[in-house]
Amino acid sequence: MKSLSHRSLALASLSVVLFGCAGTGGQPKALDTLYDSYEQNRIAYYKGLISNPPSVAVGKAERNEIMNDLILLIDHNFARSEKSLYSHKAWADFGGSVTATGLSTAATLTGAAGVKTTLSALVTAIEATKTSFGKDILQGQSILAVVTQMHKLRAHKLLDIRQSMDLDTDKYPLSYGLIDLFEYHSDGTFVVALQSMTEDAAAQKKEADTQLKVIKTGRYTEDDAGIALRKYWSPDAKTFNTEHQAKIITEMEALGLGELAIELFLDSDKYVDQRKAIAKKLGLTR
Amino acid sequence: MPPTGTQTVTDVPPNRVDQVVAGFKAQGADPVTKTKQSDGNYTVVAVFPDASGPQKKGNGGGAK
């Protein structure tokens, strides 16, 4: 594992180069080539490591170096896929089926054998996981929303990973890190982004429904404005004056309460101020 | 914009419950149910038809 320190230097140097170019509007072709070469080198390295895993336990520093390495590969893979996506050349690149590759079982794996299995699957996923997607799914403005969701998911996951990397290996072993990297990689895939968007939409609808339910529920209360408006709406408490009803509705709509029934509006403890305002506007109270 | 969804008033005094039920029905709620609470007051629940579906005509109590 002595090569780790060399790798670290190489990574640091590459990072400096990359960040130095970040503001120049895209990667130069030479940098792409360098990136690709480095990626192939790392994949070959980890394939070798899988064939001949270290017998000693991986420490915190080594774990973090491996994880940083893999984060770089994943990010590069994502950047390349995103670029291809926008240039409409390689739609399938985002269809990684990493979630089906063994995430669920990886969580139960421990020790060198577990790391080997997980690492193997991860490298395979980074190297060449592709699933066919119809162009019709990907066309139009929705693709921007999906990519935005990918960025959001990846950013959240990376933050989570960075925080975990501060922990010692007894609390956050390499096997856990690899599982997190699986998720980080899959967060940049089309399927996971779509699933997440669907879940977000469902959660937002549920929240909106809950808020609506709260708005449309009230505790009975009586006040001067409510009594005046009721008398205006139904002078004999049996029949309802449609002309006055329309005027009350118009005023309620002006306050954004168009979906409420007049009855709830007159009774609810939540609309005391609005009742006062409308009763005053209609000349029923001072 | 007609009223929509399920609208509920709790703690309605017994001497006001029929008035509340009539008020909801006047704007097309169907069904309107009243349930007696343990404290003797009522909870009135009115269900309004979906805004996209067929609408009932208002003034269920008979307009002047």
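Look up a bit, the structure's there.
Note that the structure is a prediction, hence the values are computed from the model and not measured.

A.B. asks: What is the right way to look at the overall build of chain B in this model?
C.D. replies: Secondary structure summary: chain B contains one helix and three strands in total. For chain B, the α and β elements follow one another from N to C terminus as β-α-β-β. Within the span of chain B, comprising 64 residues, buried residues form 27% of the whole. Considering only intrachain contacts with a sequence separation of at least 6, the fraction spanning at least 24 residues in chain B is 59%.

A.B. asks: When you look at the sheet that holds strand 1 (residues 5-12) of chain B in this model, what are you seeing that I'm missing?
C.D. replies: Spatially, four strands are ordered 1(A)-1(B)-3(B)-2(B) in an open sheet, and the strand pairing comes out mixed. Both outer strands of the open sheet, strand 1 (217-219) of chain A together with strand 2 (32-36) of chain B, are each paired with one neighbouring strand and no more. Strand-to-strand twist of the sheet, defined as the mean angle between neighbouring strand axes without regard to direction, takes the value 15°. In the sheet, strand 1 of chain B pairs with strand 3 (residues 42-48) of chain B via six bridges, with the strands oriented antiparallel. Residue B:Gly5 lies in a different strand from strand 3 of chain B, and its bridge partner there is B:Phe48. Strands strand 1, strand 2 and strand 3 of chain B of the sheet are contacted by helix 1 (residues 17-26) of chain B, whose axis makes an angle of about 5° with strand 3 of chain B.

A.B. asks: Would you mind going over the packing of helix 10 (residues 224-233) of chain A against helix 11 (residues 242-254) of chain A with me for this structure?
C.D. replies: Angle between the axes and distance between the axes are the two parameters that describe a pair of packed helices. All names here are of chain A. With their axes 8 Å apart at the nearest point, helix 10 and helix 11 run at an angle of 140° to one another. Considering their axes alone, helix 10 and helix 11 lie oblique with respect to each other. Between helix 10 and helix 11, the contacting residues are Leu229, Tyr232 and Trp233 on the first element and His244, Gln245 and Ile248 on the second. By residue class, the composition of the contact of helix 10 with helix 11 is four nonpolar, two polar and no charged.

A.B. asks: What am I meant to see in the interface of chain A and chain B here?
C.D. replies: Taken together, the contact pairs 23 residues of chain A with 27 residues of chain B. Elements with a minimum of two residues in the side of chain A that touches chain B: strand 1, helix 11 and helix 12 (262-267) of chain A. Among the elements that make up the side of chain A that touches chain B, the one with the highest residue count is helix 12 of chain A (four residues). Of the residues that constitute the side of chain A that touches chain B, the class distribution is eight nonpolar, eight polar and seven charged. Looking at chain direction, strand 1 of chain A and strand 1 of chain B are connected through three bridges and run parallel. For A:Gly218, the partnering residue across the bridge sits in strand 1 of chain B and is B:Val9.

A.B. asks: Whenever I open this one, helix 13 (residues 272-281) of chain A confuses me. Can you help?
C.D. replies: Side chains of residues three or four places apart in an α-helix project in the same direction, reflecting 3.6 residues per turn. Residues and elements named next belong to chain A. Taken together, the buried positions of helix 13 are occupied by Arg275, Ile278 and Ala279. Taken around the axis of helix 13, the buried residues stretch over an arc of 100°, which confines them to a single face. Projecting away from the buried face of helix 13 at angles above 90 degrees are the exposed residues Asp273 and Lys281. Buried-residue contacts for helix 13 involve helix 10, helix 11 and helix 12. Residue Gly283 follows helix 13 closely and has a positive phi angle near 75°.

A.B. asks: Looking at this model, I keep getting lost on the nonpolar core. Mind explaining?
C.D. replies: The nonpolar side chains of a soluble globular protein tend to be buried, and buried together. Judged by nonpolar contacts, the single largest core of 31 residues is most densely connected at A:Leu229, A:Ala261, A:Phe265, B:Phe24 and B:Val44. Of all the secondary structure elements, the ones that give two or more residues to this core are helix 10, helix 11, helix 12 and helix 13 of chain A together with strand 1, helix 1 and strand 3 of chain B. With near-sequence residues (within four places) excluded, A:Phe265 lies in contact with A:Met252, A:Leu257, A:Leu260, A:Tyr271 and A:Arg275. A:Phe78, A:Leu174, A:Ile179 and A:Phe182 belong to the second-largest nonpolar core, a separate cluster that totals 16 residues.

A.B. asks: Honestly, the pairing of strand 2 of chain B in this entry has me stumped. Any pointers?
C.D. replies: Within a regular beta strand, the side chains point alternately toward one face of the sheet and then the other, so they alternate between its two faces. Residue and element names in this part refer to chain B. As paired elements, strand 2 and strand 3 share five bridges and run antiparallel to each other. Looking across to strand 3, one finds that Lys34 is bridged to Val44. Taking the residues between adjacent antiparallel strands as the criterion, strand 2 and strand 3 are bridged by five residues, where Gly40 takes a positive phi near 95°.

A.B. asks: Honestly, the environment of A:Asp69 in this entry has me stumped. Any pointers?
C.D. replies: All names here are of chain A. Looking at the secondary structure, you find Asp69 in helix 3 (residues 60-86). According to the C-beta neighbour criterion, Asp69 is partly exposed, with 19 such atoms within 10 Å. With 30 residues separating them along the chain, Asp69 and Glu39 place their C-alpha atoms 9.4 Å apart.

The rules behind the values
Residues numbered from 1 in each chain as written. Chains lettered and ligands numbered in written order. Predicted model: local features only at pLDDT ≥ 70, side-chain atom pairs only at ≥ 80, totals over all residues. Helix = DSSP H or I, 4+ residues; strand = E, 2+ residues; numbered from the N terminus. Buried ≥ 20, exposed ≤ 12 C-beta atoms within 10 Å, placed from the backbone. Contact = placed C-beta atoms within 7 Å. Pairing = 2+ DSSP bridges. Axes fitted to C-alpha atoms, helices over the stretch in contact; angles between N-to-C directions. Parallel < 35°, antiparallel > 145°, perpendicular 65-115°, else oblique. Nonpolar A, V, L, I, M, F, W, Y, C, P; charged D, E, K, R; others polar. Arc of directions from axis to C-beta. Core = buried A, V, L, I, M, F, W, Y, C linked by C-beta atoms within 7 Å.

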